[in-house]
Amino acid sequence: MTFPEKLPGTSIPNPFISREERVCINPGVELEPLFVPAFEDMPELDSFYLQMASIPAGVFTMGTDEPAIRQDGEWPARRVHISHFYMDRYEVSNAEFEKFVNATGYLTEAENFGDSFVFEGMLSEQVKTGIHQAVAAAPWWMPVKGANWRHPEGPDSDILNRMDHPVLHISWNDAVAFCTWAGKRLPSEAEWEYSCRGGLENRLFPWGNKLHPRGQHYANIWQGEFPSSNSGEDGYKGTAPVTAFPPNGYGLYNVVGNAWEWTSDWWTVSHSANETYNPPSGFVSPDNVMMGKNKEAAAFTCSRMGFSSTSIFYLALPYLSFSKDY
């Protein structure tokens, strides 16, 4: 892939050097990316490149032979080899997305469409009185006029006190537009699951097998009877800051809970059990794969589902990760 010559919104040369350039310098030697030195002397250096984790090459078991929801296509378990890549440590925040919008004038698809879906429990009574339909299979998702990334719960809400929370109401097309501007890309589904596991194998969660080890909360999920009652025991009834809760073994935050994240893959429920190397994004389909779990669900590693590239939901679709391969 190609990278921008300048960091987004700056006159600074892109500090990353391509694989081909590095091989010419040190044939046969795999190097870490070379950075422009003295970051403290360059305060305008874009934070995207300073907040990425180096994910080592490796092999892991992707998927499961005992899927909780078979139609989600998480089966069968298969061995997958992944090359070294870089991943953002945090979900993209409202503050980071605002930089993109201010620099480009971009309008999200929710803004263009005029509405988006919001979880019923987050809506004010005034907004709910004007809604007379919902998603048939999940009636807690309601279409809200004026809901978008600036107004996550509709026109009577804002993000002024949530600039460090994940950006919401972002379609796959919006995510790709942001990636292009940032000089990064969405991770593949395999890269996402591999990095989500944080180097652990055969564990229920990115931190182990216990949901609350030593009584500590490790993710922003629903506590109580879904969808009617959420106690907020983890400290949040809505989204949490992108830096909340302990990171996984690779230094990634909120890889489960808080919000769903897009990947580059096309949706399919047919997977081979054969061992693979850096599996491609798959055949073109109407839908893309979204990973992680939102606030309204249990925190299971690598849970997946398919949505069209223009699907827009509240608490779903901020994109956790951008990666750069070398």
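Before any of the text, the structure's been laid out above.
Residues numbered from 1 in each chain as written. Predicted model: local features only at pLDDT ≥ 70, side-chain atom pairs only at ≥ 80, totals over all residues. Heavy atoms only, no water.

Enquirer: What's the story with the overall build of the protein in this structure? I'm lost.
Expert: Each helix and strand counted, the protein has six helices and eleven strands in total. Looking at the protein as a whole, 53% of its 326 residues qualify as buried. Contacts in the protein between residues far apart in sequence, at least 24 positions, make up 69% of those at least 6 positions apart. If you sum the accessible surface of the protein, you get close to 14700 Å²; carbon and sulfur atoms cover 54% of it. (Helix = DSSP H or I, 4+ residues; strand = E, 2+ residues; numbered from the N terminus. Buried < 20%, exposed > 50% of the residue type's maximum accessible area, 1.4 Å probe, protein only. Contact = heavy atoms within 4.5 Å. Areas by Shrake-Rupley, 256 points an atom, 1.4 Å probe, with all protein chains shown as cover.)

Enquirer: Honestly, the nonpolar core in this entry has me stumped. Any pointers?
Expert: Nonpolar side chains tend to gather and get buried jointly when the protein is soluble and globular. If you look at the biggest cluster of nonpolar residues, it comprises 18 residues, and the most contacted ones within it are Ile55, Ile82, Tyr194 and Leu252. Elements represented by at least two residues in this core include exactly strand E1 (52-55), strand E2 (58-62), strand E3 (78-82), strand E4 (85-88) and helix H6 (189-197). Of the residues forming this core, the biggest block, four residues, is contributed by H6. With sequence-adjacent residues up to four places away left out, Ile82 is seen in contact with Ala57, Gly58, Phe60, Ala190, Glu191, Tyr194, Asn278 and Pro279. (Core = buried A, V, L, I, M, F, W, Y, C linked by side-chain atoms within 4.5 Å.)

Enquirer: Where do I start with the packing of aromatic side chains in this structure?
Expert: For any pair of aromatic rings, geometry is given as the distance between the ring centres together with the angle between the planes. Summed over the entire model, instances satisfying the criterion amount to 20 aromatic pairs. Between Phe119 and Trp222, the aromatic rings sit 5.5 Å apart at their centres with planes inclined by 75°, giving edge-to-face as the arrangement. Taken as a pair, Phe119 in strand E5 (residues 115-119) and Trp222 in the loop between H6 and strand E7 (261-266) lie far apart in primary sequence, 103 residues in all. Aromatic side chains Phe205 and Trp207 sit 5.3 Å apart centroid to centroid with 10° between the ring planes, which places their arrangement in the stacked category. According to the relative accessible area criterion, Phe205 is buried, its value standing at 9%. (Phe/Tyr/Trp six-rings, centres within 6.5 Å; stacked < 30°, edge-to-face > 60°.)

Enquirer: Is there a simple way to think about the side chain of Ser116 in this case?
Expert: In this structure, Ser116 sits in strand E5. A distance of 2.6 Å separates a polar atom in the side chain of Ser116 from a polar atom in the side chain of His169. (Polar contact = N/O pair within 3.5 Å; in protein donor to acceptor, adjacent residues only side chain to side chain.)

Enquirer: What am I meant to see in the sheet that holds E2 here?
Expert: Note on sheets: strands pair through backbone hydrogen bonds, and any given pair is parallel or antiparallel. The strand order across the open sheet formed by three strands is E2-E3-E8, and the pairing between neighbours is mixed. Unpaired on one side and paired on the other, E2 and strand E8 (276-277) mark the two borders of the sheet. Inspection of the sheet shows E3 paired to E8 by two bridges, in the parallel sense. In the sheet register, Val80 faces E8, and the bridge partner there is Thr276. Against the sheet, H6 touches E2 and E3, its axis set at about 95° to E2. (Pairing = 2+ DSSP bridges. Axes fitted to C-alpha atoms, helices over the stretch in contact; angles between N-to-C directions.)

Enquirer: Is there a simple way to think about the environment of Pro187 in this case?
Expert: When you line up the elements, Pro187 lands in the loop between helix H5 (172-182) and H6. Take Pro187: its relative accessible area is 0%, and that puts it in the buried class.

Enquirer: Got a minute to help me understand the pattern of salt bridges in this structure?
Expert: Working definition: two side chains of opposite charge can pair if their charged atoms are close together. Applying the stated rule across the entire model yields nine salt bridges. One salt bridge connects Lys184 with Asp88, and the closest N-O pair in it is separated by 3.2 Å. With Lys184 in the loop between H5 and H6 and Asp88 in strand E4, the pair connects residues that are 96 residues apart, well separated along the chain. Like Asp88, Lys184 is buried. With its nearest N and O atoms 2.9 Å apart, the salt bridge here joins Glu153 to Arg162. Both residues of the pair, Glu153 and Arg162, count as buried. (Salt bridge = Lys/Arg side-chain N within 4 Å of Asp/Glu carboxyl O.)

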